[in-house]
Amino acid sequence: MNNEAKILQDSHGRNHNYLRISLTERCNLRCTYCMPAAGVPLSPKSHLMTYEEVYDIAKTFVKHGVTKIRLTGGEPLVRKDFPVILEKLASLPVELSITSNAVIIDRFIDVLKTHGVKNINVSLDSLNREKFTHITRRNQFDKVYNNILQLINEGFNVKVNAVLVKGFNNDEIIDFINFTKDLPISVRFIEFMPFDGNKWDVSKMVSYAEIMKYVNDSFPKNSVIRLQDTPNDTSKNYKIKGYKGSFAIISSVTNPFCDSCNRLRLTANGQLKNCLFSSTESDLLTTLRTGKSIDQVIKKAVFAKLKVRGGMDTLNKLQKPHLHSKNRSMITIGG
């Protein structure tokens, strides 16, 4: 196993046991920070992984030490063979989880339970119906909200991911935290990150320090409890004393967590990204389809992982990403 484990170790000594697999580039929402208003060119169906190819690639990663797989999109549940993919992956010795916008997740509760999925991340950027419609370009707030409550009632561990954009939803930080008062839910605030077509600007970002100022100005100091983060955690976790749930901050821009990163990403068209911010990709699907082993492609890609954010190690580089890195739009990377 030692030699196999090294395939998932980069030149900085980080081992990668967590694989995020995007099942589709399609989505039933059109979130502004994820997808340009005009949409994105989608990969032809023949360029996307079949369910057998998803399984074969995943099996290789598990052989080399991956213990956790998260299914993402687009919206993974719009893929018609999602139940088949889940069944195949559930045969592997891994922890399976999913990120969804929860619009249609109520149709899949039995399938998720059958195949042992317990952890579900739901993207929800506003608790205000009108704002939700604005940012998603779809009128599905009530459906998403009710499905979150149903998931909790069905016993799933639910995390709500909220991307904060200054001037849009930063005034809802306290509302989101109060959402955790009576619900065993974790709300995670994510700093707005630059991707192709999402009109990112540093002035739109709400930093970790700013979020904590909102919190400390709104709650008594001794009621804000810092929780113990788990190893490789991307978030800094807190809770309010007496609240059932918790909240966390994912500060990819102002406080990157790259030193402990254990994540790799597989896009729906079979490209391995060793970092969310990386401008380079490694083609696993073509190699697989020619009947060759993908082991060395994986090893080379992982070893080449840069130390911080795909090489964008300063705020200046993030502010001018087109000069330093050409990345996809978020919808085609996978959440």
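Residues numbered from 1 in each chain as written. Predicted model: local features only at pLDDT ≥ 70, side-chain atom pairs only at ≥ 80, totals over all residues. Heavy atoms only, no water.

1. Overview of the pattern of salt bridges
Next, step 1: As enumerated under the stated definition, the model contains 13 salt bridges in all.
Next, step 2: For Lys-273, the salt bridge is made with Glu-281, and the minimal N-O distance between the two is 3.7 Å.
Next, step 3: Where salt bridges share partners, they join Lys-131, Asp-171 and Glu-172 into one cluster. (Salt bridge = Lys/Arg side-chain N within 4 Å of Asp/Glu carboxyl O.)

2. Things to note about the pairing of strand E5 (residues 157–164)
Next, step 1: With 6 of its 8 residues buried, E5 lies for the most part within the structure.
Next, step 2: Bridge count between strand E4 (residues 119–123) and E5: 5 bridges; the pairing is parallel. Residue pairing in the sheet places Asn-121 in a bridge with Lys-159 of E5.
Next, step 3: Note: E5 against strand E6 (residues 186–191), 6 bridges, orientation parallel. Each residue of the ladder has a partner; that of Val-160, found in E6, is Val-187.
Next, step 4: In this fold, E5 hands off to helix H7 (residues 173–178), which returns the chain to E6; that crossover is right-handed. (Buried < 20%, exposed > 50% of the residue type's maximum accessible area, 1.4 Å probe, protein only. Helix = DSSP H or I, 4+ residues; strand = E, 2+ residues; numbered from the N terminus. Pairing = 2+ DSSP bridges. Right-handed = clockwise from strand over helix to strand, strands pointing away.)

3. As for the confidence of the model for the protein
Next, step 1: Scored by pLDDT, the protein has a mean of 88; 84% of the residues are at 70 or more.
Next, step 2: In this model residues 327–331 is a low-confidence stretch, pLDDT under 50, and it forms 33 contacts with partners more than four residues away in sequence or in other chains. (pLDDT = per-residue confidence, 0-100. Contact = heavy atoms within 4.5 Å.)

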